[in-house]
Amino acid sequence: VPLSPGSLCPHGLPSPQRLYPRCSHSIPPCPHTVPPCPQAGLARCQREAEEVVELMRQNVARALEREGHLEQLQSRAQDLRQASEAFTRITQTMMWRQRRRHRQWHLVALGLLLLLFILGLALVLALAWSSPGTVASTVPTPQGGTKHPPRTAGTP
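Everything numeric in this text was worked out from a predicted model, so none of it was measured.

**Q** An account of the overall build of the protein is needed here, citing residue identities and associated values.
**A** Secondary structure summary: the protein contains two helices and two strands in total. Sequence-ordered secondary structure for the protein, helices as α and strands as β, is α-α-β-β. The burial tally for the protein puts 6% of its 156 residues in the buried class. Here the analysis covers contacts within the protein between residues at least 6 apart in sequence; of these, 2% occur between residues at least 24 apart. Split by element, the accessible area of the protein, about 14,100 Å² in all, is 64% carbon and sulfur.

**Q** Explain the pattern of salt bridges residue by residue, including any values.
**A** Throughout the structure, instances matching the rule amount to two salt bridges. A salt bridge links Arg44 to Glu48; the shortest N-O distance between them is 3.7 Å. With Arg44 and Glu48 both in helix α2 (residues 38-130) and four residues apart, the pair spans about one turn of that helix. The class of Arg44 is partly exposed, set by a relative accessible area of 39%. The residue Glu54 makes a salt bridge to Arg57 at a minimum N-O spacing of 4.0 Å. One end of the pair, Glu54, and the other, Arg57, are both in helix α2, three residues apart, so they sit about a helical turn from each other.

**Q** I'd like a description of the confidence of the model for the protein, backed by residues and values.
**A** In low-pLDDT regions, the fine details of the predicted coordinates are not to be read closely. Scored by pLDDT, the protein comes out at a mean of 77, with 59% of its residues at no less than 70. Per-element confidence in the protein is highest for α2, whose mean pLDDT is 93, and lowest for helix α1 (residues 16-19), whose mean pLDDT is 49. This model gives residues 1-8 a pLDDT under 50, and the stretch forms 13 contacts once residues within four places in sequence are excluded.

**Q** Before we move on, can you summarise a positive patch on the surface with the specific residues and values?
**A** A contiguous patch of positive charge, built from Arg97, Arg99, Arg100, Arg101 and Arg103, is present on the exposed surface. In this fold, Arg101 is placed in helix α2.

**Q** Run through a nonpolar patch on the surface, naming residues and quoting values.
**A** Together, Trp105, Val108, Leu112, Leu113, Leu115, Leu116 and Leu119 give the surface a local cluster of nonpolar side chains, amounting to about 780 Å² of exposed area. By secondary structure assignment, the location of Trp105 is in helix α2.

What counts, and where the lines are drawn
Residues numbered from 1 in each chain as written. Predicted model: local features only at pLDDT ≥ 70, side-chain atom pairs only at ≥ 80, totals over all residues. Heavy atoms only, no water. Helix = DSSP H or I, 4+ residues; strand = E, 2+ residues; numbered from the N terminus. Buried < 20%, exposed > 50% of the residue type's maximum accessible area, 1.4 Å probe, protein only. Contact = heavy atoms within 4.5 Å. Areas by Shrake-Rupley, 256 points an atom, 1.4 Å probe, with all protein chains shown as cover. Salt bridge = Lys/Arg side-chain N within 4 Å of Asp/Glu carboxyl O. pLDDT = per-residue confidence, 0-100. Patch = residues over 30% accessible without salt bridge, like charges linked within 9 Å, V, L, I, M, F, W, Y side chains within 5 Å. Lys, Arg positive; Asp, Glu negative; His and termini not counted. Charge placed at Lys NZ, Arg CZ, Asp CG, Glu CD.

Below is the structure:
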């Protein structure tokens, strides 16, 4: 049932024409679904726009804050990279020094072994040259006894 401009809506509320006498836009019969006057709609749109502007300002502020944090993280990452490169250089230097020390000890040990071998060889040769005739050899006999070799002239 259509309502006249001065009547009540089916919910028992006054018509929108009584609420907004200056409003000239077409209004549905029930005030519960009636949008406010265009000036009220404009004010509502302006409030929503201000809220959106405020949210955007907050988003920009957060983005700038994140950018600052990212710059700090990049700076820290660069510092860590430099520290790791320095650590790598130091460890390589230490490994080189340690290998050199091991090589030196190996050379010392090899030198000592060579020296002992030469001394042992010199001792054997010295004993062999010092008394060539004093070394006596025995020849076994079939009866189980030993037979001495005949003496040569000029040997005592």
